Amino acid sequence: MKKIRFLLFTLLALFYVTNASALIVGNRFERDGITYEVTAMEEAHDGLPKRFNVKFVSSKMSGVVNIPAKVKDYPANQYEFDVTAIDNNSTVPNATSVVIPASVTTIGANAFQVGHIESIEIPATVTDIQKGAFSQMKSLKEIKVAAGNAKYSAYGGVLYEMDGSKKYLADYTVPEGVVGVRINAVQGALNLTAISLPASLKELPATKDGNGFTSCKKLTAINVNSANTTFKSVDGVVLSHDGKELVAYPCGKRGVINPAYDLTSDSGAEKGNVYKIPDGVEKILEGAFTSVEYLTAVELATSTTTIEKGAFTNMRNLRDVKIASHVASIGDGAFFGDIMLQKIKVDAANTTYKDDDGVLYDKAGKNLISFPAGRAGEYTTLSTTENIKPDAFRGAAKVTKVTLNTGLKTIGQDAFQQTKALKTINFGNPSTLEEIGQSAFWGSGLEKVELPASLKKLGTYAFKSNTNLKEVTVASGSQLEYLGDRAFESCSNLETFKFLGTNSLKTIGTSAFGGDSKLVSFKIPKGVTNIKTGAFDGCSSMETVTFEAPAKVTTISEGAFQGASALKKIELPESVTTIGKDAFNKCK
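Residues numbered from 1 in each chain as written. Predicted model: local features only at pLDDT ≥ 70, side-chain atom pairs only at ≥ 80, totals over all residues. Heavy atoms only, no water.

Caption draft 1: Main features of the overall build of the chain. When helices and strands are counted, the chain shows 1 helix and 50 strands. Its C-alpha atoms give the chain a radius of gyration of 27 Å, within 12% of the compact-globule value 25 Å for 588 residues. Along the first, second and third principal axes, the C-alpha set of the chain runs to 80 × 65 × 45 Å. The 588 residues of the chain split such that 52% are buried. Long-range pairs, those at least 24 residues apart, make up 46% of the contacts in the chain with a sequence separation of at least 6. By element, 48% of the accessible surface of the chain is carried by carbon and sulfur atoms, the whole surface being about 24400 Å². (Helix = DSSP H or I, 4+ residues; strand = E, 2+ residues; numbered from the N terminus. Rg over C-alpha atoms; globule rule 2.2 N^0.38 Å. Buried < 20%, exposed > 50% of the residue type's maximum accessible area, 1.4 Å probe, protein only. Contact = heavy atoms within 4.5 Å. Areas by Shrake-Rupley, 256 points an atom, 1.4 Å probe, with all protein chains shown as cover.)

Caption draft 2: Seen up close, the environment of R316. Secondary-structure assignment places R316 in the loop between β26 (306-307) and β27 (321-323). Sequence separation of R316 and L341 is 25 residues, and the distance between their C-alpha atoms is 9.2 Å. If we skip the residues at most four places from it in the chain, R316 touches V292, E293, I339 and M340.

Caption draft 3: Molecular detail of the sheet that holds strand β40 (residues 457-458). Reading across from one edge, β30-β31-β32-β34-β36-β38-β40 is the order of the 7 strands in this open sheet, with mixed pairing throughout. Edge positions in the open sheet fall to β30 (353-356) and β40, since each of these has one partner strand only. (Pairing = 2+ DSSP bridges.)

Caption draft 4: Structural view of the sheet that holds strand β35 (residues 399-403). The 3 strands are arranged β33-β35-β37 in an open sheet whose pairing can be described as parallel. Two strands bound the open sheet, and with one partner strand each, they are β33 (377-380) and β37 (424-426). In this sheet, neighbouring strand axes are inclined to one another by 15° on average, regardless of whether the strands run parallel or antiparallel. In this structure, β35 lies alongside β37, joined through 3 bridges in parallel fashion. From the neighbouring strand, K401 faces β37, where its bridge partner is T424. (Axes fitted to C-alpha atoms, helices over the stretch in contact; angles between N-to-C directions.)

Caption draft 5: Local environment of unusual backbone geometry. The omega angle of the peptide bond from Y74 to P75 is 15°, so this bond is cis rather than trans. Along the chain, P75 falls in the loop between β6 (70-72) and β7 (80-91). Note that the residue after A549, namely P550, is joined by a cis bond; omega there is -5°. Here P550 lies in the loop between β47 (544-547) and β48 (555-556).

Caption draft 6: Region of interest: the side chain of N317. Following the sequence through the fold, N317 ends up in the loop between β26 and β27. The exposure class of N317 is buried, given its relative accessible area of 11%.

Functional significance is not addressed by these values, which are geometric in nature.
Here you go:
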């Protein structure tokens, strides 16, 4: 075995052990009151130029925040970076103005939150402005674009995007000539009560998380010029021109008061407020009702056969859903995040779907499609269940325990995301689970996880930000070969992670345990050959790392154990051939 004692180790050029400021992609540093995150660290190679880039994350400075085009890491001044992006959800709580440098090419979603900025100018270099980029800038009155920008322009303080010869509204007003409204374009326009769409408009894109008008809480009417040949407006609701598709419902529009839908158990609840889908509508499109504020029920037309994914998500007061006999297609996550919804009832005559005490399944009971987000307590899946579909339990903030059946094979992407009260998940006895999808349990309240031997795939971010999670075990005979990238990242209370016997693990993914500051020890299984970048970065309480014999690990990648500041000694097996830059940076 190769012994490394960090205080005495001399090959600093290889390990950078004493270099307290060494960085890898994903690390953050603060300089002159601004926090940055490293996005690229690539020396010139194969004819490609050097790329050392960072993005702006936040600043608490008051007044004008002047973001520099270049910045050196602090405190060592070892690297110089180009500032090329503004991060998603970046914050400037005390700023009255922000100066964006001409080095920036990308502005992320929900940029420059919280501050008091009334005007902002986009540099000519910017080529990518994410959906809803300025939606959280509540004081913003004007957007300007520097001369020479080939993709964006501003007129009357409103931002537009040029896509070929087409002009898209990217923020607020809709004059003739505009052909589309981007997703979240007028998100957060808190005082907007009505908007009129021109005859030239041809596109209203949407996703399961929203459309162009999402979260405009006072918006009561979306009107369409009568000369438009793609869309029409019926009582302020956008339909396709032929009336077969419902495209967008204004977030602040109320329906018809109907006492039959009152919630008698809660006098303070929204009164029965119902919208009836117009006759002739066959399909409710993706994101059509996302974040609608007041509706408590939607009555489907007899013509309605299709509900697309995310059609009714994050509706604040929706509590009555009845799937009629003629509905033949319901997309994934159609009802996630509806915090008042306790049951999804299906007409017994429906030949495609059924419900199990208000939980939506396909007729055969093989696919669990939607668990009502307002339902509390425990739930056991049907014995016939094979798949939990994407977004099925997403945002179900009151469910506390879920017991999965033997026969279940997959848990889909985002299936249990943000289930804050979920303390216990039982994967079945015996478990047949083979796959846990990307972000499946991101932000859940789980305290202990027992991964079954049958599990073959663990998706990226699978258990990220489970801040109550203390213990993870992997059953003997585990078939898992790749421990997913960032799978347990930011589990700030995770103390133990153990393989209970034989296993098939070959790779520990990028940042798999990044930021798990209470993880004390880890035993690398003997079949592991690759510990990827930042796998244990920031595991500041980690005292011991051991390698099960006969070890096969060949690669310890860049920053793999960076920030494991309690680690005083490690014995590397003879099989190791590659140790990446800063692999043991900041270790004692």
